[in-house]
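Residues per chain, in single letters:
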Amino acid sequence: HRQSRMATASLATSLTSVVAMATPGGSNAESAERLLAKLSLETPEQPDSSTAAPPPVAKDADSVPTDADLVPTDAAVPLDLYLESDESGRALTLQSKAALLMALYPEPRPCRVHLTGGSADEAEEKLAGEVVLVHGGARNPGTELPALACPAVLYAGLPSVVRALAERGGAVCQALLGPHSVCLKACKERSRWTRLCELTCPGQLGTWALPGSDDAQPPACLADLELALERPRYKPRPFLEGKRPTLVDILIVCYLRDVARKANRPPLPLGHRTADLLARLSADPAFAAAAAVTDKFETEYRPAAGDAPRLTDKRAQVPGLCTESLRQLLDRLEPAVSLPWQPEAEASPLPPLPDWLAAEVPPERAARKRQQLASLAADVLPLARPGHVIVDFCSGSGYLGLLLAHLLPQCRIVLVENKLESLQFALDRLGQLGLPNVRIVQSNLCNFRAAFDIGVALHACGSASDLVLEACVRARAACVLSPCCHGATKPGPGLAYPRSSAASAAGLASLEHAQLCHAADRITGRQSRQLLAKRALRLLDSDRALAMREAGYGRVRLALMRPDTCSPKNSILVACPS
């Protein structure tokens, strides 16, 4: 500590002389003083009152509804792990077993393990170290299981949970995140490893191990595992992603070991490299100790639920339309499909915005960003009531959610985002503002299952806009959505295009829908092409609006951001259930 202070003092002296030489006039002493204050280890610089975030606003405890049904936390125990079990509480799913093993490997982390099944009488049982099993009294936190509740964030889905557990362990545990800490970081729609660990392997192995299953063919995922181990990037390649074990290896071995112990099935037909991987990790004392705890539970095998859509950042490869063909297509479809924009006179007034909103955005973008946020908030405010739960899907840095939390202190705001790096800004800003009605969920959009009243999304890219609408329909919630990146729209399980039967009846085919999506993204360029792109964009959003009407939403309208120059993708879809 003494050496650090000496080094800091030396650096401060040198930088002070630099400031004195570079700053003309009498401001040398003032600049040097500010620099020394920043470098001081004992007296840190106080934030400037003109630029600092506002102090936390004291709110009446009764004005904010409880959030225990969304993000359960325990002040005494930092982690709460929620696992899916049968009604008896004795059998776990393959994914829940894998999450429990990660809570114990390579060393137990302090947490309370809650089972969604079992008796209503709450009782505790010590599993290993500071891992406590809580029998009874548990309820689903409103997301896909397994789930991990921390004081600040709720992690939902197996990849998010095991990554969070690894990050909260020691150096050996954090090494399981792989090089650059990217193991299982991408969602299952974009990463083959995440898809393999979350869906393919537990689904196919579970189908093969089901009681009474007569499937004589080995699961196809075994061939994929053997092929991955044969790749010549490393010779030999001992693990699935390289020279060292990662979370992928732990999860796959957990599945294989569990299914291989089934007494009523023939041995798994493993390749020699896969069998060697299973044997080496099973012989690890830490892995064996963790697996011995999970072996106390039976396994509830489930059939494969289907694969996830495979998405990429690239636009769909569809044949483009020339200007004349695009104009003819729009002229044919618009009379039956396109809805009018809401007149400006009927729009709700824009709400006043706080000074801290979008303060970190570059000045040239800050004004337009604030206009976008105000436009969506103006459509949310008339729909919100005290006690409503408002979910900001694809929240990113949380600008929209934090604004709604500021404007609607008696509503609960939930930020749902898959990228924890994006949510880090919301966490930092939330700590500065002291908004008690905001909760954060790090999860895929499809993994959020809690009930809510209003769903919002600003610039949800491609098919994510349709997934937001589907989530609102399931919850019978109102929706305020600004779509974006129409060219990234791709069909997948449960997503067929066009979205409405009215557009299909008008003769809009799937290929023509993809061509319109491609044309709608060409919103910049020549004036004539811009006009066609805006027409295509309105037609595509009208197709979504008509689909919401067919789903039982009585009040559906299309609006534009104000001013409409604040973004090229400036459309807003507002839908309220009947």
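Residues numbered from 1 in each chain as written. Predicted model: local features only at pLDDT ≥ 70, side-chain atom pairs only at ≥ 80, totals over all residues. Heavy atoms only, no water.

Glancing now at the overall build of the protein chain. Tallying secondary structure elements over the protein chain gives 18 helices and 15 strands in all. Per-residue burial over the protein chain gives 49% buried out of 578 residues. For the protein chain, the computed accessible surface area is about 26700 Å², with 54% contributed by carbon and sulfur atoms. (Helix = DSSP H or I, 4+ residues; strand = E, 2+ residues; numbered from the N terminus. Buried < 20%, exposed > 50% of the residue type's maximum accessible area, 1.4 Å probe, protein only. Areas by Shrake-Rupley, 256 points an atom, 1.4 Å probe, with all protein chains shown as cover.)

Quick look at the pairing of strand 9 (residues 389-393) now. The buried fraction of strand 9 is high, at five of five residues. Side chains of strand 9 alternate between two faces, with V389, V391 and F393 and I390 and D392 buried alike. Both strand 9 and strand 10 (residues 412-417) contribute to a ladder of five bridges, which runs parallel. Note that in strand 10 the partner of F393 across the bridge is V416. This β-α-β element, strand 9 to helix 13 (residues 399-407) to strand 10, shows right-handed connectivity. Where strand 9 lies against strand 12 (residues 454-461), three bridges are found, and the strand directions are parallel. Within strand 12, the position partnered with D392 by the bridge is V456. (Pairing = 2+ DSSP bridges. Right-handed = clockwise from strand over helix to strand, strands pointing away.)

So, on to helix 12 (residues 363-380). Relative to the 26 Å expected for 18 residues at 1.5 Å per residue, helix 12 spans 26 Å between its end C-alpha atoms, a close match to the ideal helical length. Taken together, the buried positions of helix 12 are occupied by A366, K369, Q372, L373, A374, S375, L376, A377, A378, D379 and V380. Structurally, helix 12 contributes buried residues whose contacts are with strand 9, helix 13, strand 12, strand 13 (478-484), strand 14 (555-560) and strand 15 (571-576). (Expected span 1.5 Å × (residues − 1). Contact = heavy atoms within 4.5 Å.)

I252 and I390 are the most contacted members of the largest nonpolar core, which totals 109 residues. Broken down by element, this core gets its largest block of residues, 10 residues, from helix 8 (residues 247-260). No fewer than three residues from each of domain 1 (79-176) and domain 2 (342-493 + 540-576) sit in this core. The contacts of I252, once residues within four sequence positions are left out, are L196, C197, C201, L225 and L240. Of all hydrophobic cores here, the second largest spans 50 residues; its members include A149, L329, F393 and C517. (Core = buried A, V, L, I, M, F, W, Y, C linked by side-chain atoms within 4.5 Å. Domains from an automatic or database assignment.)

The tally for this structure, following the rule as stated, stands at 24 salt bridges. Note that D331 is salt-bridged to R535, the shortest N-O span being 2.7 Å. Pair noted here: D331 is in helix 11 (residues 323-337) and R535 is in helix 18 (residues 527-550), with a separation of 204 residues, a long-range link. Take D331: its relative accessible area is 42%, and that puts it in the partly exposed class. Residue class for R535 comes out partly exposed when judged on its relative accessible area of 23%. Taken together, the shared-partner salt bridges connect D466, E470, R499, D541 and R544 into one network. (Salt bridge = Lys/Arg side-chain N within 4 Å of Asp/Glu carboxyl O.)

We now examine the packing of aromatic side chains. Scanning the model with the defined rule gives five aromatic pairs in all. Ring centres 5.6 Å apart and planes at 70 degrees place the aromatic pair F393 and F452 in the edge-to-face group. One end of the pair, F393, is in strand 9; the other, F452, is in the loop between strand 11 (438-442) and strand 12, with 59 residues separating them in the sequence. As far as the burial class goes, F393 and F452 line up, both buried. Considering the side-chain rings of Y399 and F425, the 5.2 Å spacing of their centres and the 45 degrees angle between planes classify their relative orientation as tilted. Pair noted here: Y399 is in helix 13 and F425 is in helix 14 (residues 420-433), with a separation of 26 residues, a long-range link. (Phe/Tyr/Trp six-rings, centres within 6.5 Å; stacked < 30°, edge-to-face > 60°.)

Summed over all chains, the structure comprises zero disulfides. The thiol of C197 is not disulfide-bonded; the next cysteine sulfur, from C201, is found 6.7 Å away. Judged by its relative accessible area of 2%, C197 falls in the buried class. Not part of a disulfide, C221 finds its nearest cysteine sulfur in C201, a span of 3.8 Å. According to the relative accessible area criterion, C221 is buried, its value standing at 0%. (Disulfide = S-S within 2.5 Å.)

A word on the packing of helix 4 (residues 158-167) against helix 8. Interaxial distance between helix 4 and helix 8 falls to 11 Å at its minimum, and their mutual angle equals 120 degrees. Classified by the interaxial angle, the pair formed by helix 4 and helix 8 is oblique. The chirality of how helix 4 crosses helix 8 is right-handed. Touching L158, V162, R163 and A166 of helix 4 are L247, L251 and Y255, all from helix 8. Counted by class, the contact of helix 4 with helix 8 contains six nonpolar, no polar and one charged residues. (Axes fitted to C-alpha atoms, helices over the stretch in contact; angles between N-to-C directions. Parallel < 35°, antiparallel > 145°, perpendicular 65-115°, else oblique. Left-handed = near helix turned anticlockwise from the far one by under 90°. Nonpolar A, V, L, I, M, F, W, Y, C, P; charged D, E, K, R; others polar.)

The subject of this paragraph is the environment of L537. By the element assignment, L537 lies in helix 18. Sequence separation between L537 and D521 is 16 residues; the distance between their C-alpha atoms is 8.1 Å. Setting aside its immediate chain neighbours within four residues, L537 contacts W341, H486, A520, K569 and S571.

So, on to helix 18. With 24 residues, helix 18 should reach 34 Å at 1.5 Å per residue; the first-to-last C-alpha distance of 35 Å fits that figure. Taken from the residues just after helix 18, G552 is the one with a positive phi, measuring 100 degrees.

Two numbers describe a pair of packed helices, the interaxial angle and the distance between the axes. Following both chains from N to C, one finds helix 17 (residues 510-520) and helix 18 inclined at 130 degrees, their axes separated by 8 Å at the closest point. Considering the angle they form, helix 17 stands oblique to helix 18. Seen along the crossing, helix 17 lies across helix 18 with a hand that is left-handed. Contacts between helix 17 and helix 18 involve H513, L516, C517, A519 and A520 from the former and A533, A536, L537, L539, L540 and D543 from the latter. Tallied by class, the residues present in the contact of helix 17 with helix 18 amount to nine nonpolar, one polar and one charged.

Position of L154 among the secondary structure elements: in strand 7 (residues 153-156). When the C-alpha positions of L154 and L81 are compared, they lie 10.0 Å apart, and in sequence the two are 73 residues distant.

Between Y497 and P498 the backbone carries a cis peptide bond, its omega angle lying at 5 degrees. Of note, P498 is situated in the loop between strand 13 and helix 16 (501-505). For the bond running from R562 to P563, omega is -10 degrees, close enough to zero to count as cis. Looking at where P563 falls in the secondary structure, it is placed in the loop between strand 14 and strand 15. Its identity is not glycine, yet H180 carries a phi of approximately 60 degrees, on the positive side. Mapped onto the elements of the fold, H180 is located in the loop between helix 5 (171-174) and helix 6 (192-209). In this structure H180 comes out as exposed when scored by relative accessible area, which is 77%. Within the chain, C485 stands out as a residue other than glycine whose phi angle is a positive 50 degrees. When you line up the elements, C485 lands in the loop between strand 13 and helix 16.

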